[in-house]
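Spelled out from the first residue to the last, the chains are:
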Amino acid sequence: MDNISLSIVSSIYQSEKTIKKFINRCSICAKSIFKDDYEIILVNDGSTDKSLNIAIEESKKNKNVKIVDLSRNFGHHKALMTGLAYSTGNLVFLIDSDLEEDPELLIKFLAEHQIYKADVIYGIQKKRKGNYFEIISGFLYYKFFNLLSNLNYPENVLTARLMNRKYIDSLLMHKETELYLIGIWQLTGFKQIPIKVSKKFNASSTYTFRKKIALVINTGG
């Protein structure tokens, strides 16, 4: 079967407050450009709230919404990679479903993709959100990451990114058991262009400084 034009991929985890709005905003945005030639792939990462039920109800209303239900919680990064593996789009827009990153960024990323003819357009925060410890630990983390990996990766990288099929196919060739997406994204190569975007701040990250460092080391940096 030929690939569709666009896949929007996200994970669901305790997302009952945002998932319906997320689906609706993604649908409106995708349909404005791609008509009906798009899909929204949502990977349920072991949610214990009503997230999955809400997503299922929305999928009954919108045939473009597809749901992958994992058997348990595997973690954000593995859930996203699962969604990418199920995607069929020539372009894939990856974004978190907590609405801290606006789904309408798709329009901006598509415009930048046309300008730069890049394989990946990805977002970085204009200014890191959070308390003093989160800001400092985030800064130290990226310094450590670049030192250990020999890569010069920008600080405050977001999940939100637009990728072409060539890049996705190469990305999915990585088989690390301990998966840290920031490292894998960069190590995959190709032409990647960062653009600064604003991000809302609703809650503290579940990835602590210690956990981030452990993932970098286990990934092989």
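Structure first, text after, so check above.
Summary of the structure given here. Fair warning: this is a prediction, and the values are worked out from it, not measured in the lab. (Residues numbered from 1 in each chain as written. Predicted model: local features only at pLDDT ≥ 70, side-chain atom pairs only at ≥ 80, totals over all residues. Heavy atoms only, no water.)

**Brief notes about the overall build of the protein chain**
Scanning the protein chain from N- to C-terminus turns up 8 helices and 7 strands. Taking all contacts inside the protein chain whose residues are at least 6 apart in sequence as the whole, residues at least 24 apart take part in 82%. Approximately 11,200 Å² of the protein chain is accessible, and the part contributed by carbon and sulfur atoms is 54%. (Helix = DSSP H or I, 4+ residues; strand = E, 2+ residues; numbered from the N terminus. Contact = heavy atoms within 4.5 Å. Areas by Shrake-Rupley, 256 points an atom, 1.4 Å probe, with all protein chains shown as cover.)

**Here we look at helix α1 (residues 19-34)**
Along its 16 residues, α1 runs 22 Å from first to last C-alpha, staying within 8% of the 22 Å computed at 1.5 Å per residue. Turning to α1, its buried residues number three or more, namely Ile-19, Phe-22, Ile-23, Cys-26, Ser-27, Cys-29, Ala-30 and Phe-34. Remark: Lys-35 follows α1 within two positions and exhibits a positive phi of approximately 55°. (Expected span 1.5 Å × (residues − 1). Buried < 20%, exposed > 50% of the residue type's maximum accessible area, 1.4 Å probe, protein only.)

**Some remarks on the nonpolar core**
Among the nonpolar cores identified, the biggest contains 31 residues, and Leu-6, Ile-8, Leu-42, Phe-93 and Phe-109 are the most heavily contacted of them. Taken together, the elements giving at least two residues each to this core come down to β1 (6-12), α1, β2 (38-44), β4 (91-94), α4 (105-116), β6 (157-164) and β7 (192-197). For this core, the element with the highest residue contribution is α1, accounting for 7 residues. In contact with Phe-109, other than residues within four places in its own chain, are Phe-93, Ile-121, Tyr-122, Gly-123, Ala-160, Arg-161, Leu-162, Ile-195 and Val-197. (Core = buried A, V, L, I, M, F, W, Y, C linked by side-chain atoms within 4.5 Å.)

**A short note on the packing of aromatic side chains**
Counted according to the given criterion, the structure contains 2 aromatic pairs. Centroid distance Phe-93 to Phe-109: 5.9 Å. Interplanar angle 85°. Geometry classified as edge-to-face. Of this pair, Phe-93 sits in strand β4 while Phe-109 sits in helix α4, placing them 16 residues apart in sequence. Given the relative accessible area of 0%, Phe-93 is considered buried. (Phe/Tyr/Trp six-rings, centres within 6.5 Å; stacked < 30°, edge-to-face > 60°.)

**Some points on unusual backbone geometry**
Even without being glycine, Lys-35 reaches a positive phi, approximately 55°. With respect to the element layout, Lys-35 can be found in the loop between α1 and β2. One non-glycine residue, Leu-99, lies in positive phi territory at about 65°. Position of Leu-99 relative to the elements: it lies in the loop between β4 and α4.

**Re the side chain of Thr-159**
Assignment of secondary structure puts Thr-159 in strand β6. When its relative accessible area of 10% is taken as the criterion, Thr-159 is described as buried. If near-sequence neighbours (up to four positions away) are discounted, Thr-159 is found in contact with His-76, Leu-80, Leu-94, Ile-95, Asp-96, Glu-101 and Trp-185.

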